[in-house]
Amino acid sequence: MRENGFEVMAYADDLAITGNGRCNIRRAIKIVEGWTIKAKMKINKNKSGIMIMKKKAGRKRKGE
């Protein structure tokens, strides 16, 4: 799914979604929600969260 701007990784009953930008993450969540409905599973929103990470500009070395 990386070509769609996101990637889903799963292990046992844990799931992680990574992606480039909010739109891609939202699309991935919609796909996962649809899959859980088909599989008759439920997402525990109390155990779920979103972490946004941004790249910081690199630090310049002395003399650059």
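Up top you'll find the structure we're talking about.
Thresholds applied
- Residues numbered from 1 in each chain as written.
- Predicted model: local features only at pLDDT ≥ 70, side-chain atom pairs only at ≥ 80, totals over all residues.
- Heavy atoms only, no water.
- Helix = DSSP H or I, 4+ residues; strand = E, 2+ residues; numbered from the N terminus.
- Buried < 20%, exposed > 50% of the residue type's maximum accessible area, 1.4 Å probe, protein only.
- Expected span 1.5 Å × (residues − 1).
- Arc of directions from axis to C-beta.
- Contact = heavy atoms within 4.5 Å.

(A) Up close: the environment of I29. With respect to the element layout, I29 can be found in helix α1 (residues 22-38). For I29, a relative accessible area of 32% gives the class partly exposed. Spatially, the C-alpha atom of I29 lies 7.9 Å from that of I17, the residues being twelve residues apart in sequence.

(B) Inspection of α1 at higher detail. Counted at 1.5 Å a residue, the expected span for α1 with its 17 residues is 24 Å, and the 24 Å between its end C-alpha atoms agrees. Within the sequence span of α1, burial applies to N24, A28, V32 and T36. Each buried residue of α1 sits inside an arc of 110° when the element is viewed along its axis, so together they form one side. Exposed and oriented more than 90 degrees from the buried face of α1 are R22, C23, R26, K30, I37 and K38. On its buried face, α1 sits against β1 (6-11) and β2 (14-19).

(C) Layout of unusual backbone geometry. Of note, A12 is a non-glycine position whose phi angle comes to about 55°, a positive value. When you line up the elements, A12 lands in the loop between β1 and β2. A residue is classified by how much of its surface remains accessible, and A12, at 73% relative accessible area, is exposed. The phi dihedral of K40 is positive, around 55°, even though this residue is not glycine. Here K40 lies in the segment after α1. Using a relative accessible area of 78% as the deciding quantity, one classes K40 as exposed.

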